[in-house]
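As a plain string of letters, each chain reads:
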Amino acid sequence: GRGCYAAFVVNDGTAPVEISLEFQGESLDLSRSVFRTNPGDATLVPHTGPLPVGESAIVFVADRAPDAPASNQDLPCPDGVVAASGISGLPEGTGLGSSFHLVGSAPITVATIYPFGGAASFSPTATLLLPVGTWAKQHLIVNAWERIMDNPLLADTGIGPAAQIVASEDDTDVTILPKRDIQSGNGVVGTGANVPVSYKLNKGQVLQFLQSEELTGSIVSSTKPTSTFGGHECMYVPSNRQACDTAQQQLLPFEQWGSEYVGAGYRARLGNGSEQMPYRIVAARDGTLLDYDPVV
C-alpha cells in the first residue's frame, strides 16, 4: 500500500510495557512514530518510553514514500508524524513480501488500520492481531468477497479477493490444497484446483495471493506455525454499486475453531428493517471442514 499504516496498542496488563518494531530482522526507530490521545480529543500527542498500565498508543508503522502521489485512497500519515518505515513490504498482486514484527515487553492488545484516517480514505480496513504464540500449523482460507466477473465496474481490473500467509520461523514449508485455481504471480507458481502446492517461507515472510478466483475453503498446512489473513483489495457489495471497500482479517487457526456459532445481523441502515444484507458463512462441524454458501 501507499498510505499510512498504523497499529493501536493497548496495555491492559499490570506493568508498563516497552514497544519495539522490526522489519526484515532489523529494528526500526520509533522515536517519532508513537503517539497518544487524550480522552475526548483526537489531537496526537508524541509519546516516548514505556506505555503505562491502562493506556493506549498509536504506532505509525509505515507511510507512502515522500515522492509518491497522494490520493484519497492512499492517505499519508498526519502532519508531524514520522512513520517507522517508508516501505509497505507487500508485493503488487500475487507474490512474496515481508511483514512487520511488533514486540511488547509484556502482553499487549494490538489492532491495525489501513489507511489511518478512516472514512476520509473511503476504503479503510482494520483487524485485531493475534499473538505469534497462538499461531498454528493448519488454517482455512476465508476471503472477504468473490469478484463478480459480470460486473462492468470490475472489467479488466486486477481488483479481487486476497489471502496472505505469514511464517513465524525460517525454513517453513507451506502446503495449500486450493478450492480454486491458484494463479501464478511474481515468484509464485500457481496450481489447479484440488492440486496441492507447496511454498517455502522464512521468518516474517508473507505469501500473498491476489486474484479473481476466491480461495475460500482452501486448506493451508505448514511444518512450523504460521498465520493466515483473508481480505479483498476493494470489494463491491452488492456487486452493482460504484463504491468498494478494502477488507482484511487475521484468521484463527483451525484448531481454535469452535463447533457452534451465533451470527448477529447488521442493523438496517434504511430504518425499516427491510434491507437485505449479504453474508458468507464458513463452518466446521465435528472436526470436518464444510464448504461455504452465500446467504441472504
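Scroll up to find the structure this text is about.
This write-up is about the structure you can find in this document. Nothing here was measured: the structure is a model prediction, and the numbers come from that model.

1. Observations concerning the side chain of Gln-164
With respect to the helices and strands, Gln-164 occurs in strand S12 (residues 161–167). Given the relative accessible area of 12%, Gln-164 is considered buried. Here Gln-208 takes part through its side chain, which lies 2.9 Å from a polar atom of the side chain of Gln-164. In this structure, Gln-164 is in contact with Leu-90, Val-206, Leu-207, Gln-208, Ser-227, Thr-228, Phe-229 and Gln-248, ignoring residues within four places of it in sequence.

2. So, the state of the cysteines
Going through the model one piece at a time under the given rule, you end up with one disulfide. The partner cysteine of Cys-4 in its disulfide is Cys-77, sulfur to sulfur 2.0 Å. Given an S-S torsion of about 90°, the disulfide between Cys-4 and Cys-77 has right-handed geometry. Here Cys-4, found in the segment before strand S1 (5–10), pairs with Cys-77, found in the loop between strand S6 (56–62) and strand S7 (95–98); they are 73 residues apart in sequence, far enough to count as distant.

3. A look at the side chain of His-139
Turning to its location among the elements, His-139 is positioned in strand S11 (residues 136–140). A distance of 3.1 Å separates a polar side-chain atom of His-139 from the backbone oxygen of Thr-226. Leaving out residues up to four positions away in the same chain, His-139 has contacts with Ser-218, Ile-219, Val-220, Thr-226, Ser-227, Thr-228, Leu-251, Leu-252, Pro-253 and Phe-254.

4. Notes on unusual backbone geometry
Residues Tyr-114 and Pro-115 are joined by a peptide bond in cis, for which omega reads -15°. Not every positive phi belongs to a glycine, and Gln-24 is a case in point at roughly 55°. Its place among the elements puts Gln-24 in the loop between strand S2 (19–23) and strand S3 (26–27). Residues other than glycine seldom take positive phi values, yet Asn-194 does so here, at roughly 65°. Using a relative accessible area of 53% as the deciding quantity, one classes Asn-194 as exposed.

Definitions and cut-offs
Every chain is numbered independently, its residues counted from 1 as its sequence is written. Thresholds applied to this predicted model are a pLDDT of at least 70 for local features of residues and 80 or more for the giving and counting of side-chain atom pairs; totals over whole chains, interfaces and linings are not thresholded and use all residues. Computation of side-chain values: all heavy atoms of the structure, hydrogens and water removed. By definition, any uninterrupted DSSP run of H or I lasting at least four residues is a helix, any uninterrupted run of E lasting at least two residues is a strand, and each is numbered from the N terminus. Accessible area is worked out with a 1.4 Å probe on protein chains only. A residue is then buried under 20% of its type maximum, exposed over 50%, and partly exposed in between. Counting of polar contacts relies on pairs of N or O atoms within 3.5 Å, with two restrictions inside protein: one atom must be capable of donating a hydrogen and the other of accepting it, and residues adjacent in sequence are counted only when both atoms are side-chain atoms. Between two residues, a contact is recorded if the distance between any of their heavy atoms is within 4.5 Å. We call a pair of cysteine sulfur atoms a disulfide whenever their separation is within 2.5 Å.

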